[in-house]
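Analysis of the macromolecular model
So the chains spell out like this:
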Amino acid sequence: MKNLSRVNNPYNDDKVISQCSIFGMMNTSGKLISGMQCITAITNMHERGNGLGAGFAIYGIYPDRPDDYALHIMFDTKISREETETYLKRLFDISFAEEVPIFPTESIINPPYIYRYFVHPKLKDTHEIVDEDDLVTRRVFKINTSIEGAFVFSSGKNMGVFKGVGFPEEIAQFFGLEHYRGYIWTSHGRFPTNTQGWWGGAHPLSLLDWTVVHNGEISSYGANRRFLEMYGYVCTMQTDTEVVAYAVDLLERKHGLPIEVVMDIFSPPVWEQIDRMNSGDRKYFEAIRNTYGSLLLNGPFAIIVAHHGEMIAHTDRIRLRPMVAGIKGDTVYASSEESAIRLVCPELDKVWIPTGGHPVIARLKGTEGHDVVEGGREIPGTIVMEV
Amino acid sequence: MRTALLPEFSVVRDENRCIQCRVCERQCSFDVYSYDAGNNLMVHREENCVACQRCSVLCPTNALVIKMNDYTYRPNANWTRESISDLKKQAETGGVLLTGMGCDKPLKNYWDHILLNASQVTNPSIDPLREPMELRTRLGRKADHLEIRNGNLEVPDYPYVDLSTPIMFGAMSYGAISYNCFKSLAQAAHEVGTMFNTGEGGWPRELRKFGTNTIVQCASGRFGLDLEYFNDAAMVEIKIGQGAKPGIGGHLPGEKVSAHISQTRMIPMGSDAISPAPHHDIYSIEDLQMLVHALKEATDYRKPVSVKISAVHNAPAIASGMVRAGADIIVIDGVRGGTGAAPKILRDNVGLPIELALAAVDTRLREEGIRNWASLVCSGGIRNSSDIFKAIALGADAVYIGTAALMALGCTVCQKCYTGKCAWGITTQDPYLSKRVNPEIGTQALVNLLRAWSLEIKEMLGCAGINSIESVRGNRLQLRGIGLEDWELGVLGIRGAGQ
Ligand code: SF4
Ligand code: SF4
């Protein structure tokens, strides 16, 4: 593993243990909203972090370039930037590039150089016909594993991740996030307990437009990681949260499974419950546990997963980490603490604690299904294929 | 000819305690004891003693102690007592030395150089007494992915077997072990919800009611095979090799082929049952593929088919070939695997420790992206529940236990199974001896063992903050090596302690 020093994990730990606060909000009408609510809310949970990492994911921020992959890249040195840019020029058409505007703050010490590139992968270098997303994924892994001092931390379209070492309010100030507008905001305040903070390891963890913020520790990390490696995912960020982002990408994008099924894979009912189900449900859960048993996420976790059109709040099946959901009008909130939601929206239409293992899914209006469901999985009828 | 060998063990009897009840005489199947009526004394032929300890534990007055014989040759680090005795035996007999059970050489035991992880404050441990802990394990091919088509989740219909705990009883044939043992294993597997394996010796009709818990073997001797044999079982295993004697076959002497065994194996009474080393229709991986598919065809693709090999130097490549040949389950049997009878020289010198072979095979199958195509079972020297936990973390789906199960039935690893005189009634067909295993009591002992180990596995899961065994499979981050060289850590794919 290369050493990215400032932007990487100085102890080269396989898994970085973190606790943290998470907060997410989505406007299900797709209205772009300022980040002030999100920043205020996550800042209110200051005590849950320790200043060693924070970050935000915002969807809908680049409406002028909706079809370009927006690569946010951290560089340790100028040389690593030059090397990466040579690589990018060779394999991507770059429509626009710039240094991400920053607003130096006293508390953010020694940040890396941060640039963003709006790109499309060139196909000419490959002999096979491949999906554009696959190409981008592959090239992101390539940069992250082989260019010393460079780290792609956001690679989706019309969205972006902003993160670093600091408290959430400091990171928000550093990137001037109050100037951005998006229809989903997720955020994270981090409490890594056994390492120094490092820029690459801050949340959200992302791949393409998938982002994950996480509170907890995934004790199945070793099993999840080895399973994902079989499908070509390279775990470079060395944190357990990374496997969630990759697993969602594998299951939803590549295997075409609906997000409800993905969440059932992460935290399915126990076998004893499955045994008591009717035959349709039983077949369904048997199939997912059978096929994706290695992607069951074990250990305590509360996550907010987002991608275009959806924000999902989800906890482990025995609910070892906190999660509160709330709704006001067309805005859906998910948070580690109710106080954070109440601070920015005192009068809620509904506020509740979701059941462990039951995802709360907020969807853009007009897309299939209701705009907010809890555990509202409609089990697809299972059919058994002859093999 | 009077042997020039030193007796291995001494029988020490406390004359003050002995009441001449002659229990030891009746219990000893190796003719150590006899009664001198004239002097009202028990006498012994120490050279016959195998230290099976049947007499000492059954002596009502605790008058007997069996211990290593301390007569000794002049100490010599090269010519140990064992090597001198073996050589002399061969000079006397001119034959291959036989032995029973697994390798007893002090090969490095990797299980003992691996430590497990436990949760502390950042990730709470889980109390298995309060929270569900899932040990259920499903063996068989798994789909690479699921698909939704026309609103339906498409589920490939691969055959499988479910285990309530990832511990199965490995192949021990009726013939190698007594009927009562065989029955105890079948009943216990049924009671616990796991599998027992008939081995290569056929499957008595009256035990077919335990079919859902039975794995039948198709070995080179083809004993007892017919369509019903396959179809009554839950899973079929092709035996290529076993850890105690890789590369050689088996031999049940004619005198053990009783009426019932002859019927079960479908061979004439009193005839030797020889299973050759190779299957005479398998000389390549393509041939194996044909047998795998022939068995699937015969069972209408309803039963998973496993292939068992012993852990040998290129096991990963062989396993990859087996998976591609259609095996739904790969079984790897390590160098410490037991047996009823094996040439001692092979048992002690051929094969690999299962820990290394298992890790190498799992890694190889993952590198090739075909780990989902087959489950992985390992066996050969599993001694306790932590060995099992470590095996699963290295990549196994489940384990087979053999020697450990026999110990639950009384075995004391005296290594004399090949004599057919097992004083504990286990590896014998002598009706007088085999009655010593009561199938009901035997079943209970086996059920107890699996229950105890399952509880311990749950404790280990809980302490690692994990509530499903699936999250341990291949989770090598849960392991750390201690006292291992870099190359060993590399093969095991684990970090050293403190790293
Ligand atoms: S069993 Fe014990 S008490 Fe009975 S004869 Fe043997 S040594 Fe004596
Ligand atoms: S089965 Fe019997 S003969 Fe074989 S080692 Fe065990 S006690 Fe000895």
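Here the structure is shown first, and the text comes after it.
In this convention, every chain numbers its residues from 1, walking through the sequence in written order. Both sets of labels track the order of writing: A upward for chains, 1 upward for ligands. With the structure being a predicted model, the display of local features is reserved for residues of pLDDT at least 70 and the display and counting of side-chain atom pairs for 80 or more, all residues being used for whole-chain, interface and lining totals. Each side-chain value is worked out from all heavy atoms of the structure, with water and hydrogens disregarded.

A look at the site of ligand 2
Around ligand 2 sit Met101, Cys411, Thr412, Val413, Cys414, Gln415, Lys416, Cys417, Cys422, Trp424, Ile426 and Thr427 of chain B, and that is every residue in its neighbourhood. Here the nonpolar group is Ala, Val, Leu, Ile, Met, Phe, Trp, Tyr, Cys and Pro; Asp, Glu, Lys and Arg are the charged ones; every other residue, Gly included, is treated as polar. Along the lines of polarity and charge, the residues of the shell around ligand 2 split into 8 nonpolar, 3 polar and 1 charged. What makes a residue near a molecule or strand is one non-hydrogen atom of that residue sitting within 4 Å of it.

Description of the site of ligand 1
Around ligand 1 sit 13 residues in total, of which Arg13, Cys18, Cys21, Cys24 and Cys59 of chain B are the nearest. Per-class residue counts for the shell around ligand 1 are 9 nonpolar, 2 polar and 2 charged.

Points about the environment of Ser310 of chain B
Residue and element names in this part refer to chain B. The way it works is that DSSP assigns letters per residue, a run of H or I at least four long becomes a helix, a run of E at least two long becomes a strand, and they are numbered from the N terminus. Within the fold, Ser310 resides in strand 17 (residues 305–310). Using a 1.4 Å probe on the protein chains alone, a residue whose accessible area is under 20% of its type maximum counts as buried, one over 50% counts as exposed, and one in between counts as partly exposed. On the basis of relative accessibility, which here comes to 5%, the residue Ser310 falls in the buried class. It is 21 Å that separates the C-alpha atoms of Ser310 and Leu97, two residues lying 213 residues apart in sequence. Only heavy atoms enter the contact rule, under which two residues are in contact if any of them lie within 4.5 Å. Discounting chain neighbours no more than four positions away, the residues touching Ser310 are Gly241, Gln242, Gly243, Pro246, Ile332 and Asp333.

With respect to empty space enclosed by the protein
With a 1 Å grid spanning the protein atoms alone, the term cavity applies to any set of points in which a 1.4 Å probe fits but cannot get out, the term pocket to an open set with protein on both sides within 12 Å along at least five of seven lines, and the term lining residue to any residue with an atom within 4 Å of a point. Grid points are joined across faces, edges and corners, and a volume is the space filled by probe spheres set on the points. Applying the stated criterion across every chain, the model contains 7 cavities of 30 Å³ or more. A volume near 240 Å³ is recorded for the largest cavity. For the largest cavity, the lining is made up of 22 residues, of which Asn290 and Ser294 of chain A together with Lys142, Asp397 and Arg473 of chain B are closest to its centre. Among the elements of the structure, helix 5 (221–230) and helix 9 (279–292) of chain A together with strand 7 (137–139) of chain B are those that each provide at least two residues to the lining of the largest cavity.

What about the side chain of His307 of chain A?
Residues and elements named next belong to chain A. The residue His307 is located in strand 13 (residues 301–307) in this model. In this structure the side chain of His307 is engaged in a polar contact, spanning 2.6 Å, whose partner is the side chain of Glu310. Setting aside its immediate chain neighbours within four residues, His307 contacts Tyr59, Ile184, Asp209, Trp210, Glu252 and Ile312. For this analysis, a polar contact is any N or O atom pair within 3.5 Å, provided that within protein one partner can donate a hydrogen and the other can accept it, and provided that sequence-adjacent residues contribute only side-chain to side-chain pairs.

Let's talk about the nonpolar core
Grouped together as the largest cluster of nonpolar side chains are 122 residues, with contacts concentrated most on Tyr33, Phe169, Ile330, Leu394, Ile401, Ile426 and Leu492 of chain B. With residues up to four places along the chain from it excluded, the contact list for Tyr33 of chain B reads Val11, Cys24, Glu25, Cys28, Met42, Val43, His44, Cys55, Leu64 and Ile66 of chain B. Buried Ala, Val, Leu, Ile, Met, Phe, Trp, Tyr and Cys residues form a nonpolar core when they are joined through side-chain atoms within 4.5 Å. Ile73, Val140, Cys235 and Ile288 of chain A belong to the second largest nonpolar core, which has 62 residues in total.

Thoughts on helix 8 (residues 315–324) of chain B
Residues and elements named next belong to chain B. Counting buried residues along helix 8, 7 of its 10 residues qualify, which places the element largely inside the surrounding structure. Within helix 8, burial applies to Ala315, Pro316, Ala319, Ser320, Gly321, Met322 and Val323. Where helix 8 is buried, its residues contact helix 7 (285–298), strand 17, strand 18 (329–333) and helix 10 (354–367). One or two residues past the end of helix 8 sits Gly326, with phi positive at roughly 105 degrees.

Quick word on the interface of chain B and chain A
Residue-level contacts link 47 residues of chain B with 47 residues of chain A. The quantity reported as buried area is the accessible area (1.4 Å probe) lost by two parts once they are put together, taken as the sum for both. Counting each side, the surface lost to burial between chain B and chain A is near 4,200 Å², with a carbon and sulfur contribution of 52%. A side-chain nitrogen of Lys or Arg and a carboxyl oxygen of Asp or Glu constitute a salt bridge if their distance falls within 4 Å. Counting the contacts that link chain B with chain A gives 6 salt bridges. The shortest N-O distance in the salt bridge between Arg289 of chain A and Glu470 of chain B comes to 2.5 Å. Linking chain B to chain A there are 21 residue pairs in polar contact (both at pLDDT 80 or more). Mapped by element, the contributors of at least two residues to the side of chain B that touches chain A are strand 9 (152–156) and helix 10 of chain B. Its residues assigned to classes, the side of chain B that touches chain A comprises 17 nonpolar, 15 polar and 15 charged.

Scope: geometric values only; no functional claims are made or implied.
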